[in-house]
Amino acid sequence: MARPLLTLILPPLMGLFILALGNGFLSTLVTLRLDNAGASVESIGWVSSAYYVGLALGAVLNDRLLLRIGHIRAYVCFASLVAAAALAQALWLDAGWWFAMRLVGGWATVGVYLVIESWLLTSGDSARRGQILAFYMISLYAALALGQLLLGLFEAPFDATPYVVIGMLASLSVLPLCIIPRVSPLLEHAVPLPPWRLIRVTPTGIMGVFGSGLIVAALYSLLPLYLQQTGLSVERLGQFMAVVIVGGMALQYPMGRWSDRHDRQIVLIILGMTLIALSLALPLAAAMSELALGIVLFVFGGMAFSLYPVAMSHAADRAPPQALVGMSQGLLLINAVGCTLSAPILTGVMGQTGGNGLFYGLAMISAAMALFFMWRRSVRPAPQPVAPFAAHPVQTVVGAELDVTEEMVAGAEIQAEKDEAEEAAHQDNARYDSAAHANDKTASPSQ
């Protein structure tokens, strides 16, 4: 990678790593603290879901602040809110208060992700974008994994000290972005695609990112609760959570390359079926030994964290190039909705069936996804070129016939959907440009 490009992307990656290092174990800490205080499973679920409600709200609103004040100032704003929300939780242990603070924390955290992702995506061309995003994912997952290990550094993890450390790290994360000797990249206005249009373009992608939100949110918020109920110490619990995240980091790249070389619908079906088997194997592994539990959690984390990028790649295959930014924003919103619903749904199952209900619920979610993926593949297989090349014997004009195959029809239908989405995005851009031009004329002084 060229040195100027590395210099441009290194500061935001350093800032993200520092902030995620503290934010990585905050979700686990919240679950353990509420359980230690005697809160009900349902209350823990609602407080955990507040973070993902904030993610959903931020996915809709935060781009406006970024467009108005720029990358660096927006990052400082969001990181400061992350620090303040974490410190405020140390002031008062109350489920309602913590619900509000987790809501603010989620809203600010997705703002941080928006700043970093848009910074990286606009820093390089398409030839290097894969490398840049690979560094981004490695930085994020490495920080989240190391953050889980911080739980073992505090002798009394239920006092105010961990929250102070999280606030300090969030505050320090602004330094790499503030001291860079260059202007941050420009960000063009992005027109979001409405969810109903996304459903028409890529229902498989919608289901994939929604199911990913349900499963990954459960790993962060409810798996620590299950592990604590099995009698593990806080230090060992943090190590097991780190194993899950390291599994997601280790298997992300191989799964991505596999999906690039094969039909992504098939890959999603295999992921869903594998997650069913792993969900049912987790209670058995927990009863056998810690080694068996760690191995299954490692593989489960790899499969679960691979769902979102594979589903998003499949959606990008179906969407026109001009709508990729709007598609990403819409999928982020849908993923956040899945994260929000995860804890209330699965805590209800756990309340009825006990701690193992978490894994039964995950198995049911995985089964629903796998069945949906198989149904979608049966009605809409992988897209083929509209007019695939095939060698034919030479024919006269009189004897030539147009061989209209099913593949050609399916390809034409997909191309029509792409053209419709592209035209809608073009119209949205035109309306935005017209409104901006009118505002400029209104704001200009009279001559």
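Conventions we followed
Residues numbered from 1 in each chain as written. Predicted model: local features only at pLDDT ≥ 70, side-chain atom pairs only at ≥ 80, totals over all residues. Heavy atoms only, no water. Helix = DSSP H or I, 4+ residues; strand = E, 2+ residues; numbered from the N terminus. Buried < 20%, exposed > 50% of the residue type's maximum accessible area, 1.4 Å probe, protein only. Contact = heavy atoms within 4.5 Å. Areas by Shrake-Rupley, 256 points an atom, 1.4 Å probe, with all protein chains shown as cover. pLDDT = per-residue confidence, 0-100. Salt bridge = Lys/Arg side-chain N within 4 Å of Asp/Glu carboxyl O. Core = buried A, V, L, I, M, F, W, Y, C linked by side-chain atoms within 4.5 Å. Domains from an automatic or database assignment. Phe/Tyr/Trp six-rings, centres within 6.5 Å; stacked < 30°, edge-to-face > 60°. Lys NZ or Arg CZ within 6 Å of the ring centre and 35° of its normal. Expected span 1.5 Å × (residues − 1). Bend = angle between axes of the 7 residues up to and from the residue. Axes fitted to C-alpha atoms, helices over the stretch in contact; angles between N-to-C directions. Parallel < 35°, antiparallel > 145°, perpendicular 65-115°, else oblique. Left-handed = near helix turned anticlockwise from the far one by under 90°. Nonpolar A, V, L, I, M, F, W, Y, C, P; charged D, E, K, R; others polar. Patch = residues over 30% accessible without salt bridge, like charges linked within 9 Å, V, L, I, M, F, W, Y side chains within 5 Å.

*Asks:* When you look at the overall build of the protein in this model, what are you seeing that I'm missing?
*Replies:* On a plain count of helices and strands, the protein comes out with 17 helices and 0 strands. Counting only residues that meet the buried cut, the protein has 48% of its 447 residues in that class. For the protein, restricting intrachain contacts to residue pairs at least 6 apart in sequence, the fraction spanning at least 24 positions comes to 85%. Accessible surface computed for the protein: about 20,900 Å², of which carbon and sulfur atoms make up 66%.

*Asks:* I'm lost on the confidence of the model for the protein in this one. Help?
*Replies:* It should be kept in mind that the predicted coordinates are not to be read in detail where pLDDT is low. For the protein, mean pLDDT is 76; residues scoring 70 or higher make up 73% of the total. Every residue in residues 384-405 scores below 50 in pLDDT, and together they form 12 contacts with partners more than four places removed in sequence or on other chains. Confidence over residues 439-447 falls short of pLDDT 50; this stretch has 0 contacts with residues more than four positions distant or in other chains.

*Asks:* Would you mind going over the pattern of salt bridges with me for this structure?
*Replies:* Pairs may arise between side chains of opposite charge once their charged atoms sit close together. Within the structure shown, the criterion is met by 2 salt bridges. Of the charged contacts in the structure, one is a salt bridge between Glu 290 and Arg 236, with a shortest N-O distance of 2.3 Å. Residue Glu 290 is found in helix H14 (residues 290-318), and its partner Arg 236 is found in helix H12 (residues 234-261); the two are separated by 54 residues along the sequence. For Glu 290, a relative accessible area of 38% corresponds to the partly exposed category. The shortest N-O distance in the salt bridge between Asp 263 and Arg 377 comes to 2.3 Å. Here the residue Asp 263 occupies a position in the loop between H12 and helix H13 (264-288), and Arg 377 occupies one in helix H16 (residues 357-379), the gap between them amounting to 114 residues.

*Asks:* Even after reading the chapter, I still don't get the nonpolar core, so can you show me in this structure?
*Replies:* Looking at soluble globular proteins, one finds that nonpolar side chains tend to be buried together. Core analysis: the largest hydrophobic core is formed by 106 residues, its most contacted members being Tyr 75, Ile 215, Leu 223, Leu 227, Phe 300 and Leu 358. For this core, the element with the most residues is H14, which contributes 13 residues. Here this core gathers at least three residues from each of two domains, domain 1 (7-182) and domain 2 (193-430). In this structure Tyr 75 touches Gly 15, Leu 16, Leu 19, Val 112, Val 115, Ile 116, Ser 173, Val 174 and Leu 177, once residues within four positions along its chain are discounted.

*Asks:* Just checking my understanding: could you explain the packing of aromatic side chains for this structure?
*Replies:* What characterises a pair of aromatic rings is the spacing of the ring centres plus the angle enclosed by the ring planes. Scanning the entire structure with this criterion turns up 6 aromatic pairs. With a centroid separation of 6.1 Å and an interplanar angle of 35°, the aromatic rings of Trp 92 and Trp 97 are classed as tilted. Taken together, a centroid distance of 6.1 Å and an interplanar angle of 85° make the contact between Tyr 220 and Phe 305 edge-to-face. Highlighted residues: Tyr 220 in helix H10 (residues 203-221) and Phe 305 in helix H14, separated in sequence by 85 residues. For the residue pair Tyr 220 and Phe 305, the accessibility class agrees, reading buried in each case. Arg 376 extends its terminal NZ or CZ atom over the ring of Trp 375, reaching a point 5.5 Å from the ring centre.

*Asks:* Sorry if this is basic, but what is going on with H13 here?
*Replies:* Three- or four-residue spacings in an α-helix give side chains the same orientation, since the helix completes a turn every 3.6 residues. For H13, with 25 residues, the first-to-last C-alpha span of 35 Å sits near the 36 Å given by 1.5 Å per residue. At Leu 282, H13 shows its strongest bend, of approximately 35°, with the proline Pro 283 following within four residues.

*Asks:* For this particular structure, what's the right way to read the packing of helix H2 (residues 26-36) against helix H7 (residues 161-172)?
*Replies:* Think of two packed helices as two axes; the pair is described by the angle between the axes and how far apart they sit. Two elements in contact, H2 and H7, have axes whose closest approach is 11 Å; the angle formed by their N-to-C orientations is 160°. When the axis of H2 is compared with that of H7, the two are roughly antiparallel. Read as a crossing pair, H2 and H7 show a hand that is left-handed. The residues of H7 that touch H2, namely those facing Leu 26, Leu 29 and Arg 33, are Pro 162, Tyr 163 and Ile 166. Its residues assigned to classes, the contact of H2 with H7 comprises 5 nonpolar, no polar and 1 charged.

*Asks:* What should I look at first to understand the packing of helix H4 (residues 71-89) against H7 in this one?
*Replies:* Where H4 contacts H7, the two axes come as close as 8 Å, and the packing angle between them is 170°. Our classification of the angle between H4 and H7 gives roughly antiparallel. Of the residues in H7, those touching H4 at Ala 79, Val 82, Ala 83, Ala 86, Leu 87 and Gln 89 are Tyr 163, Val 164, Ile 166, Gly 167, Ala 170 and Ser 171. Of the residues assigned to the contact of H4 with H7, the class counts are 9 nonpolar, 3 polar and no charged.

*Asks:* Can you walk me through the environment of Val 164 in this structure?
*Replies:* Examined against the element boundaries, Val 164 turns out to sit in helix H7. Here Val 164 falls in the partly exposed class, since its relative accessible area comes to 39%.

*Asks:* Looking at this structure, how should I read the side chain of Gln 89?
*Replies:* Mapped onto the fold, Gln 89 is located in helix H4. Setting aside its immediate chain neighbours within four residues, Gln 89 contacts Leu 26, Val 30, Trp 97, Trp 98, Met 101, Arg 102 and Tyr 163.

*Asks:* Sorry if this is basic, but what is going on with a nonpolar patch on the surface here?
*Replies:* Together, Leu 57, Val 60 and Leu 61 line one region of the surface with nonpolar side chains, adding up to about 240 Å² of accessible area. When you line up the elements, Val 60 lands in helix H3 (residues 41-69). Judged by relative accessible area, which is 40%, Val 60 ranks as partly exposed.

*Asks:* Any chance you could explain the environment of Gly 256 here in plain terms?
*Replies:* Structurally, Gly 256 is set in helix H12. Gly 256 gets classed as partly exposed once you look at its relative accessible area, which sits at 25%. With 54 residues separating them along the chain, Gly 256 and Val 310 place their C-alpha atoms 6.6 Å apart.

*Asks:* Please explain the environment of Ala 20 as it appears in this structure.
*Replies:* Positionally, Ala 20 belongs in helix H1 (residues 3-23). Taking relative accessible area as the criterion, Ala 20 reaches 2% and is therefore assigned buried. Among residues more than four places away in sequence, those in contact with Ala 20 are Leu 140, Ala 143 and Leu 144.

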